[in-house]
Amino acid sequence: MLKIARQTQRIVIVDDEPDFLTIVQTWLEPRYELIAFTDGDGLLTQLDLLEPDLLILDVRLPGIDGFKLCQRIRADRRFQALPILFLTASHSDLDFFKNLEVGGTSYLTKPVSRRELLGRVMSLFLMDQGMRSLGSMVMGAFVAGFGAALGLIATSLVSIVLTAVTFWRLLR
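**Student:** Is there a simple way to think about the overall build of the protein chain in this case?
**Tutor:** Tallying secondary structure elements over the protein chain gives 6 helices and 5 strands in all. Its helices and strands taken in sequence order, the protein chain reads β-α-β-α-β-α-β-α-β-α-α from the N to the C terminus. Counting every position in the protein chain, which comprises 172 residues, the buried fraction comes to 40%. Total accessible area on the protein chain is roughly 10,200 Å²; 60% of this is exposed by carbon and sulfur atoms.

Dropping the structure here:
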């Protein structure tokens, strides 16, 4: 399938609280394309078509819960590297560890501030970009030789860290 490059990153959020979705939408839509679902079953039927760059999942959902939803998504090889942020009212340590167990990338608890959510989303996108760049460079090392590739990897890692620091300072 031919992929057309998008200008903005696409975030898909699943949360059963319409008021919360409205708030998150006002925070994220100026910077990102946002698609919202109120249950996990709706997401599962359309995930292939959506091609998200990030998923934000609530833990407690009608029907399939966020943890089972994450497991089903991770079972599909195409979505194993997709960043998944759990954003939930649950402050339980058990839920935090369950998030790690099922393949969550990050975990935030409600109530959440605009700054905290935007910072976490930005850091997840930076981390994802850095991992993709690093993977490309490592593959290049096998083709071009290790010396030059290792220098590029080190330079790229420094660049990623400096970019993350810059974003952090902007959010402060």
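Back to the text.
**Student:** It is not clear to me how the side chain of Thr88 should be interpreted in this structure. Could you clarify?
**Tutor:** Positionally, Thr88 belongs in strand β4 (residues 84–88). One polar contact links Thr88 to Asp58, side chain to side chain, over a distance of 3.2 Å. In contact with Thr88, other than residues within four places in its own chain, are Asp58, Val59, Tyr107, Leu108, Thr109 and Lys110.

**Student:** Is there a simple way to think about the pairing of β4 in this case?
**Tutor:** Both faces of the sheet carry side chains from a regular strand, because those side chains alternate between them. Among the 5 residues of β4, 5 are classified as buried, and the element is accordingly described as predominantly covered. Residues Ile84, Phe86 and Thr88 point to one face of β4 and Leu85 and Leu87 to the other, with burial holding for every one of them. Considered for its hand, the β-α-β crossover made up of strand β3 (residues 54–57), helix α3 (residues 66–74) and β4 is right-handed. As judged from the 4 bridges shared by β4 and strand β5 (residues 106–109), these two strands associate in the parallel manner. Residue pairing in the sheet places Leu87 in a bridge with Leu108 of β5. The parallel pair β4 and β5 is bridged by helix α4 (residues 93–102), and the resulting crossover is right-handed.

Criteria and cut-off values
Residues numbered from 1 in each chain as written. Predicted model: local features only at pLDDT ≥ 70, side-chain atom pairs only at ≥ 80, totals over all residues. Heavy atoms only, no water. Helix = DSSP H or I, 4+ residues; strand = E, 2+ residues; numbered from the N terminus. Buried < 20%, exposed > 50% of the residue type's maximum accessible area, 1.4 Å probe, protein only. Areas by Shrake-Rupley, 256 points an atom, 1.4 Å probe, with all protein chains shown as cover. Polar contact = N/O pair within 3.5 Å; in protein donor to acceptor, adjacent residues only side chain to side chain. Contact = heavy atoms within 4.5 Å. Right-handed = clockwise from strand over helix to strand, strands pointing away. Pairing = 2+ DSSP bridges.

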